[in-house]
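Commentary on secondary and tertiary structure
Single-letter residue listing:
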Amino acid sequence: MGAAMRRIHVGNALSAFGLGFTVPYLYVYVAQVRGLGAMTVGLVLAVFAVAALVVLPFAGRAIVRRGPLPVLLAALVTAAVGSLSLGLASSAAAVLLSAASLGAGQAVMQPALATMIVDCSTADTRSRAFAMQFFLQNLGLGVGGLIGGHLVDTSSAASFTLLFAIEAAMFLLLVVVMATVRMPHSPRIEDAPGRSGRGSWKQLMGNRAMVQLCVLGFVLFFACYGQFESGLSAYGVEAAGISTSALGTALAANTAMIVVAQFAVLKFVERRRRSRVIAAVGLLWAVAWAVAGYAGLGHGSREMATAAFVSTYALFGLGEAMLSPTVAPLVADLAPEGMAGQYNSAFALVKQLALAVGPAVGGPMGASLHAPYVVTFLLFSLGISVLAVRLGRRLTPAQDQPWAAKSRVVAQGGASVTGHARAHA
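Residues numbered from 1 in each chain as written. Predicted model: local features only at pLDDT ≥ 70, side-chain atom pairs only at ≥ 80, totals over all residues. Heavy atoms only, no water.

Across its full length, the chain carries 19 helices and 0 strands. Across the 425 residues that make up the chain, the buried fraction comes to 51%. Carbon and sulfur atoms make up 67% of the accessible area of the chain, which amounts to about 17500 Å² in all. (Helix = DSSP H or I, 4+ residues; strand = E, 2+ residues; numbered from the N terminus. Buried < 20%, exposed > 50% of the residue type's maximum accessible area, 1.4 Å probe, protein only. Areas by Shrake-Rupley, 256 points an atom, 1.4 Å probe, with all protein chains shown as cover.)

This part is about the nonpolar core. Within the largest apolar cluster, 65 residues are counted, with the highest numbers of intra-cluster contacts made by M210, L213, L232 and F309. Within the residue set of this core, elements represented by two or more residues are helix 9 (208-223), helix 10 (231-238), helix 11 (244-269), helix 12 (274-297), helix 13 (302-323), helix 14 (327-334), helix 15 (340-368) and helix 16 (370-394). With sequence-adjacent residues up to four places away left out, M210 is seen in contact with L204, V331, L334, Y343 and F347. The next biggest cluster of nonpolar side chains, apart from the first, holds 48 residues, and it includes V41, V108, V118 and A332. (Core = buried A, V, L, I, M, F, W, Y, C linked by side-chain atoms within 4.5 Å. Contact = heavy atoms within 4.5 Å.)

Before going further, it helps to examine helix 1 (residues 3-22). A rise of 1.5 Å per residue sets the reference length of helix 1, with its 20 residues, at 28 Å; its end C-alpha atoms lie 30 Å apart and thus fit the reference within 8%. Of all 20 residues making up helix 1, 14 are buried, and the element is well covered by its neighbours. (Expected span 1.5 Å × (residues − 1).)

Two side chains bearing opposite charge may form a pair once their charged atoms approach each other closely. Within this structure, the stated rule accounts for 4 salt bridges. Between R128 and E270 there is a salt bridge; the shortest N-O distance is 3.4 Å. Of this pair, R128 sits in helix 6 (residues 126-151) while E270 sits in the loop between helix 11 and helix 12; the two residues are 142 residues apart in sequence, bridging distant segments of the chain. Overall, R128 belongs to the partly exposed group, its relative accessible area being 37%. D333 serves as the salt-bridge partner of R274, at 2.7 Å between the closest nitrogen and oxygen. You can see R274 sitting in helix 12 and its partner D333 sitting in helix 14, a full 59 residues away along the chain. In this structure R274 comes out as buried when scored by relative accessible area, which is 5%. (Salt bridge = Lys/Arg side-chain N within 4 Å of Asp/Glu carboxyl O.)

With that settled, the discussion passes to the environment of R7. Topologically, R7 is positioned in helix 1. On the basis of relative accessible area, R7 is assigned to the partly exposed category, the value being 31%. A C-alpha to C-alpha distance of 6.8 Å links R7 and M178, two positions 171 residues apart in sequence. Excluding residues within four positions of it along the chain, R7 makes contact with V177, M178, T180 and V181.

Moving on, we get to the packing of aromatic side chains. Centre-to-centre distance and the angle between the planes together describe a pair of aromatic rings. The tally for this structure, following the rule as stated, stands at 17 aromatic pairs. With centroids separated by 4.9 Å and ring planes inclined at 85°, the aromatic side chains of F17 and F21 adopt a geometry described as edge-to-face. Of the two residues, F17 and F21 are both situated in helix 1; the distance of 4 residues between them amounts to about one turn of the helix. On the basis of an interplanar angle of 25° and a centroid distance of 5.4 Å, the ring pair of W289 and F377 is categorised as stacked. Pair noted here: W289 is in helix 12 and F377 is in helix 16, with a separation of 88 residues, a long-range link. Note on accessibility: W289 and F377 belong to one class, buried. Connected via pairs of aromatic rings, a cluster forms that spans F218, F222, Y235, W285, W289, F316, Y373, F377 and F380. (Phe/Tyr/Trp six-rings, centres within 6.5 Å; stacked < 30°, edge-to-face > 60°.)

A few words now on the packing of helix 3 (residues 37-66) against helix 15. At a minimum axis distance of 8 Å, the contact between helix 3 and helix 15 shows a crossing angle of 175°. When the axis of helix 3 is compared with that of helix 15, the two are roughly antiparallel. Of the residues in helix 15, those in contact with A49, A52, L53, L56, P57, A59, G60, R61, I63 and V64 of helix 3 are G341, Q342, S345, A348, L349, Q352, L353 and A356. For the contact of helix 3 with helix 15, the class distribution of residues is 12 nonpolar, 5 polar and 1 charged. (Axes fitted to C-alpha atoms, helices over the stretch in contact; angles between N-to-C directions. Parallel < 35°, antiparallel > 145°, perpendicular 65-115°, else oblique. Nonpolar A, V, L, I, M, F, W, Y, C, P; charged D, E, K, R; others polar.)

Among the surface-exposed residues, L139, V143, L146, I147, L151 and L162 lie close enough to one another that they form a single nonpolar patch of about 470 Å² accessible area. Of the residues forming the nonpolar patch, the biggest block, 5 residues, is contributed by helix 6. A relative accessible area of 36% means that L151 is categorised as partly exposed. (Patch = residues over 30% accessible without salt bridge, like charges linked within 9 Å, V, L, I, M, F, W, Y side chains within 5 Å.)

For helix 16, with 25 residues, the first-to-last C-alpha span of 37 Å sits near the 36 Å given by 1.5 Å per residue. Where helix 16 is concerned, the buried positions are H370, Y373, V374, F377, S381, I384, S385, A388, L391 and G392. Residues of helix 16 that are buried in the fold lie against helix 9, helix 10, helix 12, helix 14, helix 15 and helix 17 (397-400).

Quick look at the structure:
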């Protein structure tokens, strides 16, 4: 791991650590501490999603034209301003404006950091690099949430201001760390207006494999991440009778599974076809939904229901650990040279759409339509497997199983490994 990659990973950990201080307590802060009600919280979440959807198309173009580092620094400053102002805001208007700034900054960070990882890695190291990123993000969120829980006091607005100030400080510290990164040379598109704006999006939409991956990504995020804190938690409380403390335990089990299993899983997935790994995740999540069905509809004891519900979140975590070294490197390998930022931003846009639609659909279903809810998302999980198999038919060997393609090049005495890897990066 080079110096640039080490700093990128430190940056991922710091940003996740800062977010962990505030994410679990946003509802309590806005609705209760500031006294703005649950409706305002819903609007804040909507503003986060809308801000991301507005800025991501422009972020991709900026990354392609200027490089990921300047875009990342601008996003970090924007997020720091939004976080600090959110901690000081006392009116609904101020809270919503702050949320827009924080949401826009956070959204742009994702593709910028992902593109930096692509630029600083090779085909051989990319899966491990993205697995490390996901590991550190979850570890940072968990540790930040744990510490934040000990600092917060629901009777004191100042304690929440402290949490948001810590989050802003993490973003600014990350600015300092990232300003020292020396990025390797990568193609920039300075004077090609036809390939920026509409042209670049038209080119992306013409890549059938990327379009299929975006559809698959939407279903992945809709059926898993979009349900964690909305439909699935509502289902657990209403159908399974899960306590709020058990919900916390389930989320902790999800994070713990990722942290414990990430690198053991990496050894398993590195030598397997990416499309088949994603298909296996769909089957695994179908099992998770079946276990959730038992928790809420099996009429067992409260203890058995709780154990099944916690197991559901753990199984989701195992699937996430399998996806982290698989999907992001695949996006990078589908991108033409110099266009990784555009492709990363497009995939981040799909993710944000799924995270916006998922809670809106899953929340009401999970709270009132218990059996249809479980069956619907079990079928979505099986759909992931079908879509992954279909995607595999469109991928080249170098995209679906890069380790095998590399081995064939070496065995045939053809082009150098470095040149082959660069051609598909």
